[in-house]
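# Chain and residue survey
These are the residues of each chain, in order.
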Amino acid sequence: MFYRIAGQYKTSYGADYALFPIKQDAWLLALILVFAFVVFPLTASDFMFRALLIPVLIYALAALGLNILTGYAGQLSLGTGAFMGVGAYACYKLITIFPEMNIIGAIVLSGFFSAAAGVAFGLPSLRIKGFYLAIATLAAQFFLLWLFQKWAWLYNYNASGAIQVPNTQLFGVTITGAQAPVLAQYFFVLITVCILTAFAINITRGRIGRTWKAVRDMDIAAELVGINLMKAKLSAFFVSSYIVGIAGALFVFLWRGAAEADLFDIQLSFRVLFIAIIGGLGSILGNYLGALLIVALPVIIGTVPAAVGLPISSAMVEHLNTMIIGALIIGFLILEPHGLARLWALMREKLIIWPFPH
Amino acid sequence: MSYLHSIFVAPFADMADAPDFFLQVVWEGLVSGVLYALIALGFVLIYKSSRIFNFAQGIMVVFAALTLVGLHENGVPALLAVPLTLLVMFVLAVGIERAVLRPLVNQPDIILFMATIGITLFLIGLGETIFGGANKVMITEQLGIPTGSWVVEPFGGFVSVEQKDVTAVVGAVLLVIALLVFLNKSKMGRAIRALGDDHQAALSVGISLSTIWVLVWFISGIIALATGIVWGARAGVSFALEVIALKALPVLMLGGLESVTGAIVGGLAIGILEKVFEIYWGQPLLGGNTEAWFAYMLALLVLLVRPQGLFGEKIIERV
Amino acid sequence: MNARPDHSVLADQEGSARDDLLMDVRNVSLSFGGVKAITDISFDVRQGEIRAIIGPNGAGKTSMLNVINGFYTPQVGTITFRGVERRSMKPHDAVRQGIARTFQNVALFKGMSTLDNIMAGRSVLMKRNIVWQMLWRGPALREEIEHREKVEEIIDFLEIEHIRRTPVGKLPYGLQKRVELGRALAMEPSLLLLDEPMAGMNLEEKEDMSRFILDVNQQRGTTIALIEHDMGVVMDLSDRVVVLDYGKKIADGPPDEVKNSQAVIDAYLGVPH
Ligand SMILES: Nc1ncnc2c1ncn2[C@@H]1O[C@H](COP(=O)(O)OP(=O)(O)OP(=O)(O)O)[C@@H](O)[C@H]1O
Ligand SMILES: [Mg+2]
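Note that the structure is predicted; figures quoted are calculated from it, not measured. (Residues numbered from 1 in each chain as written. Chains lettered and ligands numbered in written order. Predicted model: local features only at pLDDT ≥ 70, side-chain atom pairs only at ≥ 80, totals over all residues. Heavy atoms only, no water.)

### Side note on the overall build of chain A
In terms of regular secondary structure, chain A is built from 14 helices and four strands. Whereas a compact globule of 358 residues would reach a radius of gyration of roughly 21 Å, chain A reaches 21 Å, a difference of no more than 12%. Overall, chain A is about 70 × 60 × 45 Å in size when its C-alpha atoms are taken along their principal axes. When each of the 358 residues of chain A is scored for burial, the buried share is 55%. Taken as a whole, chain A presents about 14,700 Å² of accessible surface, with 70% of it coming from carbon and sulfur. (Helix = DSSP H or I, 4+ residues; strand = E, 2+ residues; numbered from the N terminus. Rg over C-alpha atoms; globule rule 2.2 N^0.38 Å. Buried < 20%, exposed > 50% of the residue type's maximum accessible area, 1.4 Å probe, protein only. Areas by Shrake-Rupley, 256 points an atom, 1.4 Å probe, with all protein chains shown as cover.)

And the structure:
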């Protein structure tokens, strides 16, 4: 009914490369964008922006970065949090050293710092494989976190050891800092995330994306069909860490407003990993679904029992939340290892043939 | 020049100047090393028998310790709480086999690994929901573990040795011996070892895969409880231990995922080296707290030279 | 050529002097620790022919292909390909020089579709950098479409249009072998190495595969080196056969001649050496 592919013939391979070979997908996306760009800004409260919309977008972006490395290129990473940290600290240093610098420029550049860190810690992947590689990313996680704590230059020798986001403006509107209107911040994050997502889609469906997936599925065979493993792996580390770094900069500058080193601890790495797993490894859409679930779950656990007359303490909310996420991960792996994204794909297939099965 | 001196000469001069202090440092490192080795050992058992990279091993330590203390807090006498905790660990092993391993059998390694991350989270949440998130104190005295300390006086200096640390080391050694005897002498043990090499061979011994898995996870649970008690006695019981438990990973990488010897040697080596590095290089030169990353960096460097770890078998690739 | 060891049937002593040689393998030996996989083997492959490599299990056939495409480095010996002599090279250099292969145990990218697997075979031929790919415009898109057209030709040729979008992990074994051939063809090789392309297939599938191999050879002019256990297929397809046993060459020549060689008969019947 809603999904009809009949009558949608492709007349060239070029048309087949349209982002959405099926028209209804394009409409659906348009609908979502209308909500994101028009409906939410008109209706959502500040609380909605700060507690739900902005973090979902930022976490989804971080998960997208991780997904490129782990879901597409098959290189497990447990260091996402630290690479987000590199992006955030780089952005902070750029803005404080060059106060004249445009915030967009600072964010775009900060990604290159995390990308460099990612490539440095990705170099061992040329020699070390599988689980053994997890150690390289863990080394990155713990070493970088330690660096954030001990290297006072990074936080401009503040007594608190924390970085405080300064006020910056874009086209005369305050974008970061305590006075920034949440709506402006939301739009800034939304646009950044949209652009990077479009880039990620394009890279993953082209030659480079294929070399990543080939390395993931069978690296020896990839090498034997002429794929340069070094280029494939390092480019995955580069692109992944770039996106993760940007997510880190947004995380601090557009959402938290301040940060200490501990914010980028291994728990953050895991949270992003869970989003990628629950959303679906090797999928782009999944990152958004996963982020929505992980960000919304504690909110739901906090409000629903109270609404039905069973108020629970906030500590309890957190404990239950952890437990449920753990159960969800196991449940997903058993029922649908490809996560929410695959569930959506199955539903979509059903919709295409609905209401006539077969 | 003076910088090079402070890196390459001064630390060794310090060691030579105060050998008693150096011994103290090594002893402290050795005790943490024993604990790392124990966690790694539980892990190796599971990996050998089922190829599962069990991320939850560290959290099982915390969970076991929490259960023990939690039971005691609720009025169960200490010596009864131990068997009860073991029972809980057994139920956990059965539960994990039923709810996680069985449905996921034959899935790719990475999926099983992720599942153990799920188990980790679930156990943290469950533990906190039941026992609360607050720090707890291990019931060391109630379990009859001596808490005094001895002073030894080598080279005319002195080294202070906590009795509970000695208990930990002795206990660990006994546990490892018992485990090795079990693996080498009993029918079950041999089946577990055979499983690592060949599923069919193990099945022909006449023990079902599920039984073996439950058993292996239960043994890991026992090791976890033992580790939890001694570790809890040193550092208190809380989920913050999880970060320390993660150190079993570099230990494993260093030793090779499948080697019992590797787990023990790797654990001791990392425990001692990270302590020595922290005291003689980390604190004077780097601002301290290098124990947070030293083990990982060391393992990484070793892997760059030997990708299969010190004791792992060389991986040969074929097409 | 000076003192080359003579192994029973060597029909082709003057071979290396010919100017239609594509590849010349000289005195190659390869061992793994104590295991001698290949001992002093020499043979050549002529432009445009189908060259079969046969022999009992463990004879060293797969190892030979692995040496040719650079996956293994022999301890002794050289390989001359299109006039360039070398001992070892990186597998991706072999691909660049026009050597493509399929594998005894299918080595496809299981999570990727048929189309993507075959497109992956063209990776070395594609050049556009990451910036163009990110934008998916201009040169990158043109390049993608251009290569896609080539790949679609291969898909048509191998009659696998219907599984274009299926993840190859879900395909039956016979079709996987076909996709793997497609991936190798996508590399536009001048020498195609096929390691038991028909193992585990039923009669009908074998006939299809034989037809594809002949067509590739005749229509595209691709030179083929083929390992196969099915003697009927070998006799039908190949121009010349080299026979290995325990890592040694025991015969080399046209199919009929080789079939009647005493050394070959002994090797297959398992007569002790
Ligand atoms: N990577 C390796 N490490 C150790 N031994 C090897 C390796 N590769 C091959 N061999 C050994 O070399 C010998 C030849 O093997 P190869 O695979 O080349 O035989 P084959 O002729 O292809 O046999 P089959 O018909 O069974 O495929 C065998 O004894 C094999 O065990
Ligand atoms: Mg073979």
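### Quick word on helix α10 (residues 229-256) of chain A
All names here are of chain A. Relative to the 40 Å expected for 28 residues at 1.5 Å per residue, α10 spans 38 Å between its end C-alpha atoms, a close match to the ideal helical length. For α10, the principal kink sits at Leu250 and spans about 25 degrees. Counting buried residues along α10, 23 of its 28 residues qualify, which places the element largely inside the surrounding structure. Taking the backbone nitrogen of Met230 as reference, a side-chain oxygen 3.0 Å away marks Asn228 as the first, capping residue of α10. Note on α10: the residue one or two positions beyond its end, Gly257, has a positive phi of about 85 degrees. (Expected span 1.5 Å × (residues − 1). Bend = angle between axes of the 7 residues up to and from the residue. Polar contact = N/O pair within 3.5 Å; in protein donor to acceptor, adjacent residues only side chain to side chain.)

### A word on the coordination of the magnesium ion (ligand 2)
Around the magnesium ion (ligand 2), the donor atoms from the protein are C:Thr62 (OG1) and C:Gln104 (OE1), and they sit 1.9 to 2.1 Å away. Of this pair, C:Thr62 sits in helix α1 (residues 61-68) while C:Gln104 sits in the loop between β7 (99-101) and α3 (114-120), and the two are 42 residues apart along the sequence. (Donors = N, O, S within 2.8 Å, 3.2 Å for Na, K, Ca; no water.)

### Details of the pattern of salt bridges
Residue and element names in this part refer to chain C. One pass over the full model with this rule turns up 24 salt bridges over all chains. In this structure, Arg51 and Asp252 form a salt bridge, with 2.8 Å as the shortest nitrogen-oxygen distance. With Arg51 in strand β4 (residues 50-54) and Asp252 in strand β11 (residues 248-253), this residue pair connects regions lying 201 residues apart in the sequence. For the pair shown, Arg51 and Asp252 are each scored as buried. In this structure, Asp195 engages Arg101 in a salt bridge whose closest nitrogen and oxygen atoms are separated by 3.8 Å. With a gap of 94 residues between them, Asp195 in strand β8 (residues 191-195) and Arg101 in strand β7 connect regions that are remote in the sequence. As far as the burial class goes, Asp195 and Arg101 line up, both buried. (Salt bridge = Lys/Arg side-chain N within 4 Å of Asp/Glu carboxyl O.)

### Looking at the layout of surface pockets
Within this model, the second largest pocket holds a volume of roughly 920 Å³. What lines the second largest pocket is a set of 29 residues, among which A:Arg271, A:Glu318, A:Asn321, A:Thr322 and A:Ile325 lie closest to the centre. Looking at the lining of the second largest pocket, the elements with two or more residues in it are α3 (46-72), α10, α11 (266-279), α12 (285-307) and α13 (314-335) of chain A together with α6 (109-131) of chain B. Sorting elements by how many residues they give to the lining of the second largest pocket places α13(A) first, with six residues. Per-class residue counts for the lining of the second largest pocket are 19 nonpolar, four polar and six charged. (1 Å grid on protein atoms, 1.4 Å probe; cavity = no way out; pocket = protein on both sides within 12 Å on 5 of 7 lines; lining within 4 Å. Points joined across faces, edges and corners; volume = space filled by probe spheres on them. Nonpolar A, V, L, I, M, F, W, Y, C, P; charged D, E, K, R; others polar.)

### Some remarks on the interface of chain B and chain A
Contacts between chain B and chain A engage 54 residues on the former and 39 residues on the latter. Across the chain B/chain A interface, buried area totals approximately 4,100 Å², and carbon plus sulfur atoms make up 81% of it. The largest contributions to the chain B side of the interface with chain A come from B:Met114, B:Leu121 and B:Trp293, which together make up 15% of the buried area. Remark: the boundary between chain B and chain A carries zero salt bridges. For the interface between chain B and chain A, the tally reads six residue pairs in polar contact (both at pLDDT 80 or more). At the level of elements, α5 (78-104), α6, α11 (241-245), α12 (248-255) and α14 (294-305) of chain B are the ones that each hand at least two residues to the side of chain B that touches chain A. The biggest single contributor to the side of chain B that touches chain A is α6(B), with 16 residues. (Contact = heavy atoms within 4.5 Å. Buried area = accessible area lost by both parts, 1.4 Å probe.)

### Re the pairing of β11(C)
Residue and element names in this part refer to chain C. Of all six residues that make up β11, five are buried, and the element is covered over most of its length. The pairing of strand β10 (residues 240-245) with β11 spans five bridges and is classified as antiparallel. Within the sheet, the bridge partner assigned to Val243 lies in β11 and is Ala251. Taken together, β10 and the strand that follows it, β11, pair antiparallel across an intervening segment of two residues, in which Tyr246 is found at a positive phi of about 45 degrees. (Pairing = 2+ DSSP bridges.)

### Some thoughts on the sheet that holds strand β3 (residues 35-46) of chain C
Residue and element names in this part refer to chain C. The strand order β3-β2-β5-β6 describes an open sheet built from four strands, whose pairing is antiparallel. Lying at the two open borders of the sheet, with one neighbouring strand each, are β3 and β6 (84-86). Neighbour-to-neighbour, the strand axes of the sheet open up by a mean angle of 15 degrees, direction not taken into account. Here strand β2 (residues 21-32) pairs with β3 via eight bridges, running antiparallel. For Leu21, the partnering residue across the bridge sits in β3 and is Arg46. (Axes fitted to C-alpha atoms, helices over the stretch in contact; angles between N-to-C directions.)

### Let's talk about helix α13 (residues 260-286) of chain B
Residue and element names in this part refer to chain B. Given a rise of 1.5 Å per residue, 27 residues ought to cover 39 Å, yet the end C-alpha atoms of α13 are separated by just 34 Å, more than 12% below that figure. Remark: the principal bend of α13, roughly 45 degrees, maps to Glu278. One side-chain oxygen of the residue at the start of α13 lies 3.5 Å from the amide nitrogen of Thr261, identifying that residue as Ser259. Positive backbone phi, approximately 85 degrees, marks Gly287, located one or two places after α13.

### Observations regarding the site of ligand 1
Taken together, 16 residues lie around ligand 1, and C:Gly58, C:Lys61, C:Thr62, C:Ser63 and C:Gln104 are the ones closest in. With respect to ligand 1, its neighbouring residues span chains B and C. Between ligand 1 and C:Ala59, the relevant distance is 3.1 Å, taken from an oxygen atom to a main-chain nitrogen or oxygen of the residue. For ligand 1, an oxygen atom lies 2.6 Å from a polar atom in the side chain of C:Ser63. Compared with its free state, where it exposes 640 Å², ligand 1 has 78% of that area covered by protein. Among the elements of the structure, β3 and α1 of chain C are those that each provide at least two residues to the shell around ligand 1. With three residues, the single largest contributor to the shell around ligand 1 is α1(C). Classifying every residue of the shell around ligand 1 gives six nonpolar, seven polar and three charged. (Near = heavy atom within 4 Å.)

### Considering the domain arrangement of chain C
Residues and elements named next belong to chain C. Segmenting chain C into domains produces domain 1 (1-98 + 224-273) and domain 2 (99-188). Buried area between domain 1 and domain 2, summed over both chains or domains, comes out near 820 Å², and the portion from carbon and sulfur atoms is 59%. Across the contact surface, domain 1 and domain 2 share zero salt bridges. Summed over the shared surface of domain 1 and domain 2, the result is three residue pairs in polar contact (both at pLDDT 80 or more). Take the side of domain 1 that touches domain 2: its biggest share by element is four residues, from α1. (Domains from an automatic or database assignment.)

### Some points on the side chain of C:Ser210
All names here are of chain C. Relative to the assigned elements, Ser210 resides in helix α7 (residues 203-219). By relative accessible area, which is 17% here, Ser210 ends up buried. Excluding its chain neighbours within four sequence positions, the residues that come into contact with Ser210 are Met198, Val233 and Leu237.

### Digging into the packing of helix α2 (residues 10-17) of chain B against α13(B)
The description of two packed helices rests on the angle between their axes and on the distance between the axes. Residues and elements named next belong to chain B. The contact between α2 and α13 brings their axes to 9 Å, and the two run at 110 degrees. The angle between α2 and α13 falls in the class roughly perpendicular. Two secondary-structure elements touch here, α2 through Pro11, Phe12, Asp14 and Met15 and α13 through Val276, Tyr280 and Trp281. Residues belonging to the contact of α2 with α13 are distributed by class as follows: six nonpolar, no polar and one charged. (Parallel < 35°, antiparallel > 145°, perpendicular 65-115°, else oblique.)

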